[in-house]
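Here's the letter readout for the chains.
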Amino acid sequence: MQLQLKLTVAAALLAAFGMASAQEQVVKIGSVAPMSGGQAHYGKDNANGVIMAVEALNKQGITIGGKKIKWEAQVEDDAADPKQGTAVAQKLCDMKVNGVVGHLNSGTTIPASKVYHDCGIPMITGAATNPDVTKPGYAEIFRIIANDSSLGAGLAHYAHDKLKLKSVAVIDDRTAYGQGLADIFADTAKKLGMQVVDRQFTTDKATDFMAILTAIKGKKPDAIFFGGMDPQGGPMLRQMDQLGMSGTYYFGGDGICTVKLAELANNAKSLAKTVCAEGGTSLQKMPGGVAWKKDYDAKFPGQFQIYSPYTYDATMLIADAMKRANSVDPKVYLPELMKSDYKGVTATIAFEPNHEIKNPAITLSSYPGGKKTPLD
């Protein structure tokens, strides 16, 4: 009799467990960025933001559509390569992930966006800044950071209005991001009356810039603007020192505006005259920035770069839209994503009709003593 009772209780527990399991639903959020190669430090930082958000969501015990949600991060590597970016996008579509946070680079984001559009999966980027990301008008594609129109113009105005510079040479890495940002900076500088004395090109794999910098040195510009990423920015600053150009201002966008730039530049003297711009406000001024960064550093010590607060917010934004729609189906929650008014770590996030963030802010930073520091 006692054995039969135990078996009955065990059967009941197993049945209950089976019912509970049946009521749980896995929701996968894709995270795409370069997890290998020279830009892997950006990619890991981006993925860390998504992973932190997923952990926070799982602690909340969220129920959507009558089912308890188990959140998972699906981290993928696009190696900052457009072809690999579209292949990864198709992989996530085939997996039927519920949403995507990515990509880091504009050059991968732009072609991948078409893939997400075709399969109907929402993608939010908190890193890719080329204005062309949102120009096709895809319903599924959103951006929660200022684009290059704001960053390039902001740097040109600072160079002209604040520093009173008269001339600048422009270099870009020929990527969608680097060239687009450089074009906006150069066009704005010219409109303000600055002289663009030289325009040079490199690649996002180069490390030797001596020939380019030597040519520019002969034009004696007040500043150099570089449209590209920190794996090139760091060596470029070191080589400016070698050519005696430490007194020349050096400008760049969010691609060089990282903590790692000082390390890659080996604390070159040229860092003292480096000014960079990134979308959003500084961590100290973000609504939840200081507390969030403390949690981040506890989980991922020494890995913070720049975009992880935005990938964290992008993940939370997708979850918020799902909760409001009471559905994890992309087709059902997508309209709610457009209606967002979400109080995130970085800002209160709402969208313009073109899916750009409303009231985008930018922050300029410099590197006194080799430490990235927001300018007042």
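All values reported here derive from a predicted model rather than from experimental measurement.

What counts, and where the lines are drawn
Residues numbered from 1 in each chain as written. Predicted model: local features only at pLDDT ≥ 70, side-chain atom pairs only at ≥ 80, totals over all residues. Heavy atoms only, no water. Helix = DSSP H or I, 4+ residues; strand = E, 2+ residues; numbered from the N terminus. Expected span 1.5 Å × (residues − 1). Bend = angle between axes of the 7 residues up to and from the residue. Buried < 20%, exposed > 50% of the residue type's maximum accessible area, 1.4 Å probe, protein only. Contact = heavy atoms within 4.5 Å. Phe/Tyr/Trp six-rings, centres within 6.5 Å; stacked < 30°, edge-to-face > 60°. Lys NZ or Arg CZ within 6 Å of the ring centre and 35° of its normal. Salt bridge = Lys/Arg side-chain N within 4 Å of Asp/Glu carboxyl O. Core = buried A, V, L, I, M, F, W, Y, C linked by side-chain atoms within 4.5 Å. Pairing = 2+ DSSP bridges. Axes fitted to C-alpha atoms, helices over the stretch in contact; angles between N-to-C directions. UniProt positions renumbered as here; feature names shortened; annotations may be inferred.

A. Structural view of helix H4 (residues 106-119). Given a rise of 1.5 Å per residue, 14 residues ought to cover 20 Å, and the 20 Å separating the end C-alpha atoms of H4 matches this to within 8%. Maximum bend of H4: about 30°, positioned at alanine 112. When we look at burial in H4, the residues that qualify are Ser106, Thr108, Thr109, Ala112, Ser113, Val115 and Tyr116. Structurally, H4 contributes buried residues whose contacts are with strand S1 (24-33), helix H3 (82-95), strand S4 (99-102), strand S5 (123-125), strand S6 (141-143) and helix H6 (176-191). After H4 finishes, the residue glycine 120 shows a positive phi value of roughly 75°.

B. Fine view of the packing of aromatic side chains. Tallied over the full model, the rule gives nine aromatic pairs. Relative to phenylalanine 304, the ring of tryptophan 292 lies with its centre 6.5 Å away and its plane at 70°, an arrangement referred to as edge-to-face. You can see tryptophan 292 sitting in helix H10 (residues 289-299) and its partner phenylalanine 304 sitting in the loop between H10 and helix H11 (308-325), a full 12 residues away along the chain. For the pair tryptophan 292 and phenylalanine 304, a shared accessibility class is recorded, and that class is buried. Stacked on the ring of phenylalanine 304, the Lys or Arg lysine 293 has its end atom at 5.1 Å from the ring centre.

C. A look at the pattern of salt bridges. A complete count under the given rule lists 18 salt bridges for this structure. Taking the shortest distance from any N to any O, the salt bridge between aspartate 132 and lysine 135 comes out at 3.3 Å. Exposure remark for aspartate 132: the relative accessible area of 35% places this residue in the partly exposed category. The salt bridge involving lysine 293 is made with aspartate 297; its shortest N-O contact spans 2.8 Å. Of this pair, lysine 293 and aspartate 297 both sit in helix H10, four residues apart, roughly one helical turn. Residues participating in the shared-partner salt-bridge network are Asp172, Arg174, Asp183 and Arg199.

D. Structural context of the nonpolar core. Within the largest apolar cluster, 93 residues are counted, with the highest numbers of intra-cluster contacts made by Trp71, Ile144, Leu213, Phe225, Phe251 and Met322. The element best represented in this core is H11, accounting for 10 residues. Look past the residues within four positions of leucine 213 in its chain and what remains in contact with it is Ile171, Ile224, Met236, Gln239, Met240, Leu243 and Met245. Counting residues in each nonpolar core, the second largest holds 16 residues, with Val115, Ile121, Met123 and Ala128 among its members.

E. Quick peek at the sheet that holds S1. Across the sheet, six strands lie side by side as S2-S3-S1-S4-S5-S6; this open sheet has mixed pairing. Of all the strands in the sheet, just strand S2 (63-64) and S6 have a single pairing partner and so form its edges. Across two bridges, S4 lies against S5 in parallel orientation. Bridge pairing links valine 101 to isoleucine 124 in S5. With respect to the sheet, H4 is in contact with S1, S4, S5 and S6, its orientation differing from that of S5 by roughly 160°.

F. Layout of the UniProt feature "domain: Leucine-binding protein" (unreviewed entry) in the chain. Residues given the UniProt feature "domain: Leucine-binding protein" (unreviewed entry) here are residues 27-359. End C-alpha to end C-alpha, residues 27-359 measures 31 Å, and it is 43% helix and 19% strand.

G. Layout of unusual backbone geometry. With omega at -15°, the peptide bond leading from glycine 102 into histidine 103 counts as cis. Relative to the assigned elements, histidine 103 resides in the loop between S4 and H4. Even without a glycine there, the phi angle at lysine 96 is positive, about 60°. By relative accessible area, which is 66% here, lysine 96 ends up exposed. With a phi angle near 75°, histidine 355 is a residue other than glycine that sits in the positive phi range. Among the secondary structure elements, histidine 355 is positioned in the loop between strand S13 (348-349) and strand S14 (362-366). Owing to a relative accessible area of 10%, histidine 355 belongs among the buried residues under this scheme.

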